[in-house]
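Examination of the molecular architecture
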Amino acid sequence: MNVHEDAPLLEIRDLRVTFNGPAGPAEAICGIDLALDAGKVLGIVGESGSGKSVTMMAVMQLLPPSAEITGSVKFKGHELIGLPPQEMRKLRGARIGMIFQDPLSAFNPVLTIGEQICEALRLHDRTLSRGGARDRAVELLEMVSIPQPDRRARQFPHEFSGGMRQRAMIAMAIANSPDLLIADEPTTALDVTVQAQILDVLQRLREDLGIGLMFITHDLGVVAGAADEVAVMYSGRIVERGAVDDVFYSSHHPYTRGLLAALPKLGGSDGPLTPIEGTPPSLRNRPPGCAFRPRCHIAIPLCGAAQPALATIANVSTACHLFSHFEAMP
Ligand code: SF4
């Protein structure tokens, strides 16, 4: 496969994913645009059903046959949509790595951690000897700060703690020096201390190896410390996007503001957190106009009539009629 080394790492244009089932079509992704450069971290944030994981699966070409995918996903200038499965298999695990939320189910319970990393290495490099692969596996475990990596490589997944397993998963994901790492809720099942350690490992890898990282999470707090840019998704669309500081300090969309208000404050008030009331709409039965309207306290009549488009003001792109309306006023 010909990739263009000077092309952007990942470019997604007008990506749409529709699942066709007995109950009718369900549009999970309704036309999103995203881009990620080498050495940068893009956080994709949203509730369950927002489409963030479907986006990731579309990039990896891991969606079931019932999914209809249109638009463009380019990795280093090479189109991935419609790529033959054998070509995609060469990319997955080699130039594009994945970190899953639950490493226990991602690992094979009857093989040692070292054997599994060796397998990942030799799958993409048949010239690598068993001894060479083993040495490299130990090196990789050391890179992700696993103590006594030589001994740990001989242990089984159940002998690792949750945080250690996640680090071993990261070691396996970077085994073949990928250009792009996609992490799907990599810290969700971990306590905050271990979460900070994992984020630290990912940060070091991005700095030392220049890997581009797509970080999928429901937690805006995690993105704050880990990402350069953030895209907030709601009901299959990007509703706000920008540099992480700009979105945190100058967000306009009521959904992003709701997510920020729901975050616990460090040393802050003792009062209850403010949840976003209501639930996201069904993919088969979205309300007309803005999909957030049933949960939005500041909706205007136009919100029920037309879908707001992303408009960029002061470095933040926001899809909200109210924001565009006020910004357009003299
Ligand atoms: Fe709320 Fe309307 Fe903005 Fe949607 S477009 S978020 S309903 S104000």
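Refer to the structure above for everything that follows.
Summary of the structure given here. (Residues numbered from 1 in each chain as written. Predicted model: local features only at pLDDT ≥ 70, side-chain atom pairs only at ≥ 80, totals over all residues. Heavy atoms only, no water.)

A full pass over the atoms with the stated rule returns twelve salt bridges. For Glu185, the salt bridge goes to Lys52, with nearest N and O atoms at 3.8 Å. Here Lys52 lies in helix α1 (residues 52-60) and Glu185 lies in the loop between β7 (180-184) and α8 (192-209), a separation of 133 residues in the sequence. Overall, Glu185 belongs to the buried group, its relative accessible area being 9%. Measuring nitrogen to oxygen at the nearest pair gives 3.0 Å for the salt bridge that ties Arg134 to Asp150. In this pair, Arg134 sits in helix α5 (residues 130-143) while Asp150 sits in helix α6 (residues 149-152), placing the two residues 16 residues apart along the sequence. Looking at Asp150, the relative accessible area reads 39%, which means it is partly exposed. A network of salt bridges, in which partner residues are shared, links Asp14, Arg16 and Glu27. (Salt bridge = Lys/Arg side-chain N within 4 Å of Asp/Glu carboxyl O. Helix = DSSP H or I, 4+ residues; strand = E, 2+ residues; numbered from the N terminus. Buried < 20%, exposed > 50% of the residue type's maximum accessible area, 1.4 Å probe, protein only.)

At a minimum axis separation of 9 Å, helix α4 (residues 113-124) and helix α7 (residues 162-173) run at an interaxial angle of 20 degrees. When the axes of α4 and α7 are compared, the pair comes out roughly parallel. Pair α4 / α7 crosses with right-handed handedness. Contacts between α4 and α7 involve Ile113, Gln116, Ile117 and Ala120 on the former and, on the latter, Ala168, Ala171 and Met172. Residue classes in the contact of α4 with α7 are distributed as six nonpolar, one polar and no charged. (Axes fitted to C-alpha atoms, helices over the stretch in contact; angles between N-to-C directions. Parallel < 35°, antiparallel > 145°, perpendicular 65-115°, else oblique. Left-handed = near helix turned anticlockwise from the far one by under 90°. Contact = heavy atoms within 4.5 Å. Nonpolar A, V, L, I, M, F, W, Y, C, P; charged D, E, K, R; others polar.)

What follows is about the site of the ligand. Around the ligand sit 13 residues in total, of which Cys290, Cys296, Cys303, Cys320 and His321 are the nearest. Of all the cavities here, the one that holds the ligand is the largest cavity. By residue class, the composition of the shell around the ligand is ten nonpolar, two polar and one charged. (Near = heavy atom within 4 Å. 1 Å grid on protein atoms, 1.4 Å probe; cavity = no way out; pocket = protein on both sides within 12 Å on 5 of 7 lines; lining within 4 Å. Sits in = over half its atoms within 2 Å of the grid points.)

In this section: the packing of aromatic side chains. How two aromatic rings sit relative to each other is given by the distance of their centres and the angle of their planes. Under the defined criterion, the tally for this structure stands at three aromatic pairs. Arranged with centres 4.7 Å apart and planes meeting at 55 degrees, the rings of Tyr234 and Tyr255 form a pair that is tilted. Note that Tyr234 is positioned in strand β9 (residues 229-234) and Tyr255 in helix α11 (residues 254-261), a separation of 21 residues in sequence. One exposure class covers both Tyr234 and Tyr255, and it is buried. With a centroid separation of 5.1 Å and 90 degrees between ring planes, the pair formed by Tyr234 and Phe292 is classed as edge-to-face. Taken together, the residues Tyr234 in strand β9 and Phe292 in the loop between α11 and β11 (311-313) connect sequence positions 58 residues apart. The two residues Tyr234 and Phe292 agree in class, both being buried. One aromatic cluster in this structure is built from Tyr234, Tyr255 and Phe292. Arg152 extends its terminal NZ or CZ atom over the ring of Phe160, reaching a point 5.2 Å from the ring centre. (Phe/Tyr/Trp six-rings, centres within 6.5 Å; stacked < 30°, edge-to-face > 60°. Lys NZ or Arg CZ within 6 Å of the ring centre and 35° of its normal.)

Mapped onto the elements, Glu11 comes out in strand β1 (residues 10-21). Through-space distance from the C-alpha of Glu11 to that of Ser72 is 7.8 Å; in sequence the pair is 61 residues apart. When near neighbours in sequence (up to four residues on either side) are disregarded, Glu11 contacts Leu34, Ala35, Ser72, Val73 and Lys74.

Moving on: the sheet that holds strand β5 (residues 78-79). Within a beta sheet, neighbouring strands are joined by backbone hydrogen bonds and run either parallel or antiparallel to one another. If you walk across this open sheet you meet the four strands as β2-β1-β4-β5, and the pairing is antiparallel. Looking at which strands have only one partner, the edges of the open sheet turn out to be β2 (24-36) and β5. Bridge count between β1 and β2: ten bridges; the pairing is antiparallel. Bridge pairing in β2 links Phe19 to Ala26. Sheet strands touched by α1: β1, β2 and β4 (67-75). Its angle to β1, the strand with the most contacts, is close to 105 degrees. (Pairing = 2+ DSSP bridges.)

The next point concerns the packing of α7 against α8. Where α7 contacts α8, the two axes come as close as 10 Å, and the packing angle between them is 15 degrees. With respect to each other, α7 and α8 are oriented roughly parallel. The hand of the α7/α8 crossing is right-handed. Contact with α7, carried on its side by Gly163, Gln166, Arg167 and Ile170, involves Val194, Gln197, Ile198, Val201, Leu202 and Leu205 of α8 and no other residues of that element. Looking at side-chain class alone, the contact of α7 with α8 contains six nonpolar, three polar and one charged residues.

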